[in-house]
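Geometric and topological summary
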Amino acid sequence: MKANYLCPKCRTYLNVGDKIVISAKNERGYKGILLFSIHLGDYEIKKHSNFDIEENESLSMFCPCCHKSLRHPKVHNNIFKILMQDAEDQEYEILFSGVYGERCTYQIKEEKVSSFGKDAGKYLNFTNLINMS
Ligand SMILES: [Zn+2]
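These remarks concern the structure in this document. (Residues numbered from 1 in each chain as written. Predicted model: local features only at pLDDT ≥ 70, side-chain atom pairs only at ≥ 80, totals over all residues.)

Brief notes about the overall build of the protein chain
Along the backbone of the protein chain there are two helices and 10 strands. The linear arrangement of helices and strands in the protein chain, starting from the amino end, is β-β-β-β-β-β-β-β-β-β-α-α. Since a compact globule built from 133 residues should have a radius of gyration of about 14 Å, the 14 Å found for the protein chain is in line with a globular shape. Counting only C-alpha atoms, the protein chain reaches 40 × 30 × 25 Å along its principal axes. Residues classed as buried in the protein chain amount to 25% of the 133 residues present. Considering only contacts within the protein chain whose residues lie at least 6 apart along the sequence, 42% involve residues at least 24 apart. (Helix = DSSP H or I, 4+ residues; strand = E, 2+ residues; numbered from the N terminus. Rg over C-alpha atoms; globule rule 2.2 N^0.38 Å. Buried ≥ 20, exposed ≤ 12 C-beta atoms within 10 Å, placed from the backbone. Contact = placed C-beta atoms within 7 Å.)

This is how it looks when you write it as structure tokens:
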């Protein structure tokens, strides 16, 4: 499936090749680029080996173009949001955890939520994702 991913603030395309490019900052304030897979449920993240992130560290994530925070605290302070357009130009919200190593992604359109990852249940308990998004 051919999909595009966009910044919810400036609507710049964030996917290049088969990666989504996100600007990030770790808990100690160091910055780096993260490359996420465009395939929902694939949690391989590429980064420079000098950009140190510990397992369970809470990241801050930003659009690499407008530098606005992608954090979506209406749902949870650990949750970040980007947009997805599928091949039929349908638009979805993609919510994902900013805790490094946590595997948790939600694809949301109107009333419908699809979840991915072994930790997906974690944030579903907190809130109604549909009303909050
Ligand atoms: Zn942006």
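Considering the sheet that holds strand β8 (residues 91-97)
Strand order in the open sheet made by the five strands is β1-β7-β8-β9-β10, with antiparallel pairing throughout. In this open sheet, the two strands that pair with only one neighbour each are β1 (4-6) and β10 (112-116). Pairs of neighbouring strands in the sheet enclose a mean axial angle of 30 degrees, with direction left out of account. Judged from the seven bridges that link them, strand β7 (residues 79-85) and β8 form a sheet pairing that is antiparallel. By the bridge assignment, Lys-81 is partnered in β8 with Leu-95. (Pairing = 2+ DSSP bridges. Axes fitted to C-alpha atoms, helices over the stretch in contact; angles between N-to-C directions.)

Brief notes about the nonpolar core
Core analysis: the biggest nonpolar cluster contains 25 residues, and Leu-14, Ile-22, Ile-82, Ile-94 and Leu-95 have the highest contact counts within it. If you list the elements that add at least two residues to this core, you get β3 (19-25), β4 (31-37), β7, β8 and β9 (105-109). With residues up to four places along the chain from it excluded, the contact list for Ile-94 reads Lys-81, Ile-82, Leu-83, Met-84, Thr-105 and Gln-107. (Core = buried A, V, L, I, M, F, W, Y, C linked by C-beta atoms within 7 Å.)

What about the pairing of β8?
Moving residue by residue along a regular strand, the side chains alternate between the two faces of the sheet. Where burial is concerned, most of β8 is hidden: five out of the seven residues are buried. Here β7 folds back onto β8, and the loop between the two strands holds five residues, one of which, Asp-89, carries a positive phi near 65 degrees.

On their own, these measurements won't tell you what the molecule is for.
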